[in-house]
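Chain by chain, the residues run as shown.
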Amino acid sequence: MLIIISCLLLFLLLFFPEISLAGSQYGVTLWLMKLLPTLFPFFIAIKLFQYSLPKLSSRQVFLLTGLLCGYPTGAILVTQQYKKNLLSPSKAYFYLGFVNNPSPMFILSFCGMNVLGLSLSESVPCLLLVILSSLIGSLIFSIVLSIIPHNQHISAATTRQIKSTHPSSAPNSPSLSELLDSIIWESFLLILKIGGYVILFSILGQWLHHILSGTVLWMHVLQVIGSSILEITSGISYMQSIALPLITKKILTTTILTFGGLSAVAQTSSILAKSGLSTTLYVINKVINSISAYVLSCLFFHIF
């Protein structure tokens, strides 16, 4: 898989330099103007909260703070508790699918107000539907997973192995300035990593957008869906130029947001790599969530 992605990226950069440059510039703009100012402060706030209340950060209720920050903060919080053996495999996958979602700021501000042209209050149903769909879909997935003992035994064994490799001695408490420096640096590295994924998948999305360019409406819809499967920020932004009914745009946006796109999958996979949790199972969870989002949003927006 890695060699295929490498060859594809080199092919695009060498033979489609204009398209690659446009996608790269678009990805940088989205990251700098939209993601950095909306996500970076939340990363810092959550880490400060985590350090100031260590006992609370070890409880499952703390995982709900992942809903405030967006990808891949939810995955980071879940894997931290999972490595400490505070979560069973089924609960870990449940919270991965539930709290590892786009941030409320991104959904309300960028998707609702900027792309769809909604007011803040009109954007709230999209946010609530994403959260509710993730909750329902993750419950369904974790229930099914809990009755499969084979996966549980593998995951539990991996967890015990990871736990045994953790250092037993706790480090000395840092000063406030050292703690702030560390939190800001960790938050910046995380947002920088997100930017790299956004730029990479924006290049692929721009190439797909170029291939599917045309005047027919269904081609434009494919542009949005295809680009969103790669990266939701750039994919959803294309929806501004499509002549679709607003209710259809709301349904598409809610469904796309609940899945998250392959860029978010790649970000989450980098977090899960050393945790023993499966990226494949996480993707299946998110697919179930997106199906739930489509059904619920169709019902909600057609009724209300």
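The structure this text deals with has already been given above.
Everything quoted here is computed from the prediction, not taken from an experiment.

K.L.:
What's the story with the overall build of the chain in this structure? I'm lost.
P.N.:
Across its full length, the chain carries 15 helices and zero strands. Against the globule reference of 19 Å for 304 residues, the chain gives a C-alpha radius of gyration of 20 Å, in line with a compact fold. When its C-alpha atoms are laid out on the principal axes, the chain stretches across 65 × 45 × 40 Å. In the chain, which comprises 304 residues, the share counted as buried stands at 47%. Taking all contacts inside the chain whose residues are at least 6 apart in sequence as the whole, residues at least 24 apart take part in 77%.

K.L.:
I keep staring at the packing of aromatic side chains and nothing clicks. Help me out?
P.N.:
Each aromatic ring pair is characterised by the separation of its centres together with the angle its planes make. Inspection of every chain in the model, using the stated rule, returns 10 aromatic pairs. Ring geometry for Tyr26 and Tyr238: centres 6.0 Å apart, planes at 10°, overall stacked. One end of the pair, Tyr26, is in helix α2 (residues 17–52); the other, Tyr238, is in the loop between α12 (232–237) and α13 (246–259), with 212 residues separating them in the sequence. On the accessibility criterion, Tyr26 (25% relative accessible area) is partly exposed.

K.L.:
Whenever I open this one, a nonpolar patch on the surface confuses me. Can you help?
P.N.:
Taken together, the side chains of Val287, Ile291, Tyr294, Val295, Leu299, Ile303 and Phe304 define a hydrophobic patch exposed on the protein surface, amounting to about 750 Å² of accessible area. Its location among the elements puts Val295 in helix α15 (residues 279–303).

K.L.:
Would you mind going over the nonpolar core with me for this structure?
P.N.:
Soluble globular proteins: nonpolar side chains tend toward being buried together. Among the nonpolar cores identified, the biggest contains 67 residues, and Val78, Leu96, Phe106 and Leu257 are the most heavily contacted of them. Not counting the four nearest positions on each side in its chain, Leu96 is found in contact with Ala75, Val78, Leu272, Leu277 and Tyr282.

K.L.:
What is the right way to look at the side chain of Lys47 in this model?
P.N.:
Position of Lys47 relative to the elements: it lies in helix α2. The class for Lys47 is buried, based on a relative accessible area of 15%. Filtering out sequence-adjacent residues up to four positions away, Lys47 remains in contact with Ile183, Glu186 and Ser187.

K.L.:
Help me out: how do you make sense of the packing of α2 against helix α10 (residues 176–211) in this one?
P.N.:
Helix packing geometry: the angle between the two helix axes and the distance between the axes. Interhelical geometry of α2 versus α10 gives an angle of 150° and a closest axis separation of 7 Å. For the element pair α2 / α10, the angle class is roughly antiparallel. Crossing geometry of α2 relative to α10 is assigned as right-handed.

K.L.:
Help me out: how do you make sense of helix α7 (residues 104–115) in this one?
P.N.:
Since the α-helix advances by 3.6 residues per turn, residues separated by three or four positions end up pointing in the same direction. Considered for burial, the residues of α7 that qualify are Pro104, Phe106, Ile107, Leu108, Phe110, Cys111, Gly112 and Val115. Looking at the buried side of α7, the elements it contacts are α2, α4 (66–69), α8 (120–146), α12 and α13. Directly beyond the C-terminal end of α7, a positive phi value near 70° is found at Gly117.

K.L.:
Just checking my understanding: could you explain the environment of Gln25 for this structure?
P.N.:
You can see Gln25 is positioned in helix α2. Its relative accessible area of 47% is what places Gln25 among the partly exposed residues. Sequence separation between Gln25 and Lys47 is 22 residues; the distance between their C-alpha atoms is 30 Å.

K.L.:
What is the right way to look at the pattern of salt bridges in this model?
P.N.:
Side chains that carry opposite charge are capable of pairing whenever their charged atoms lie near each other. Using the criterion set out here, one finds one salt bridge in the structure. Ionic pairing is found between Lys47 and Glu186, a salt bridge with its closest N-O pair at 3.4 Å. Taken together, the residues Lys47 in helix α2 and Glu186 in helix α10 connect sequence positions 139 residues apart.

K.L.:
Please clarify how the packing of α7 against α8 should be interpreted in this entry.
P.N.:
One way to put it is that α7 packs onto α8 with a least axis distance of 9 Å and a crossing angle of 130°. By the angle between their directions, the pair α7 and α8 is classed as oblique. Crossing handedness for the pair α7 and α8: right-handed. Taking contact as the criterion, the partners of Pro104, Ile107, Leu108, Gly112 and Met113 in α7 are, on α8, Leu120, Ser123, Val124, Cys126, Leu127 and Val130. Here the contact of α7 with α8 is composed, by residue class, of nine nonpolar, two polar and no charged.

K.L.:
Can you walk me through unusual backbone geometry in this structure?
P.N.:
Glycine aside, a negative phi is what most residues show, and trans is what most peptide bonds show. For the bond from Tyr71 to Pro72, the omega torsion is -15°, close enough to zero to count as cis. Tracing the backbone through its elements, the reader meets Pro72 in the loop between α4 and α5 (73–83). At Asn85, a position not held by glycine, the phi torsion is positive, near 65°. You can see Asn85 is positioned in the loop between α5 and α6 (89–99). With relative accessibility at 38%, the residue Asn85 sits in the partly exposed group.

K.L.:
Any chance you could explain the environment of Met239 here in plain terms?
P.N.:
The topology assignment puts Met239 in the loop between α12 and α13. For the pair Met239 and Val115, spaced 124 residues apart in the sequence, the C-alpha separation amounts to 6.9 Å. Discounting residues that sit within four places of it in the chain, Met239 has contacts with Val115, Leu116, Val224, Lys249, Leu252, Thr253 and Ile256.

Calculation notes
- Residues numbered from 1 in each chain as written.
- Predicted model: local features only at pLDDT ≥ 70, side-chain atom pairs only at ≥ 80, totals over all residues.
- Heavy atoms only, no water.
- Helix = DSSP H or I, 4+ residues; strand = E, 2+ residues; numbered from the N terminus.
- Rg over C-alpha atoms; globule rule 2.2 N^0.38 Å.
- Buried < 20%, exposed > 50% of the residue type's maximum accessible area, 1.4 Å probe, protein only.
- Contact = heavy atoms within 4.5 Å.
- Phe/Tyr/Trp six-rings, centres within 6.5 Å; stacked < 30°, edge-to-face > 60°.
- Patch = residues over 30% accessible without salt bridge, like charges linked within 9 Å, V, L, I, M, F, W, Y side chains within 5 Å.
- Areas by Shrake-Rupley, 256 points an atom, 1.4 Å probe, with all protein chains shown as cover.
- Salt bridge = Lys/Arg side-chain N within 4 Å of Asp/Glu carboxyl O.
- Core = buried A, V, L, I, M, F, W, Y, C linked by side-chain atoms within 4.5 Å.
- Axes fitted to C-alpha atoms, helices over the stretch in contact; angles between N-to-C directions.
- Parallel < 35°, antiparallel > 145°, perpendicular 65-115°, else oblique.
- Left-handed = near helix turned anticlockwise from the far one by under 90°.
- Nonpolar A, V, L, I, M, F, W, Y, C, P; charged D, E, K, R; others polar.

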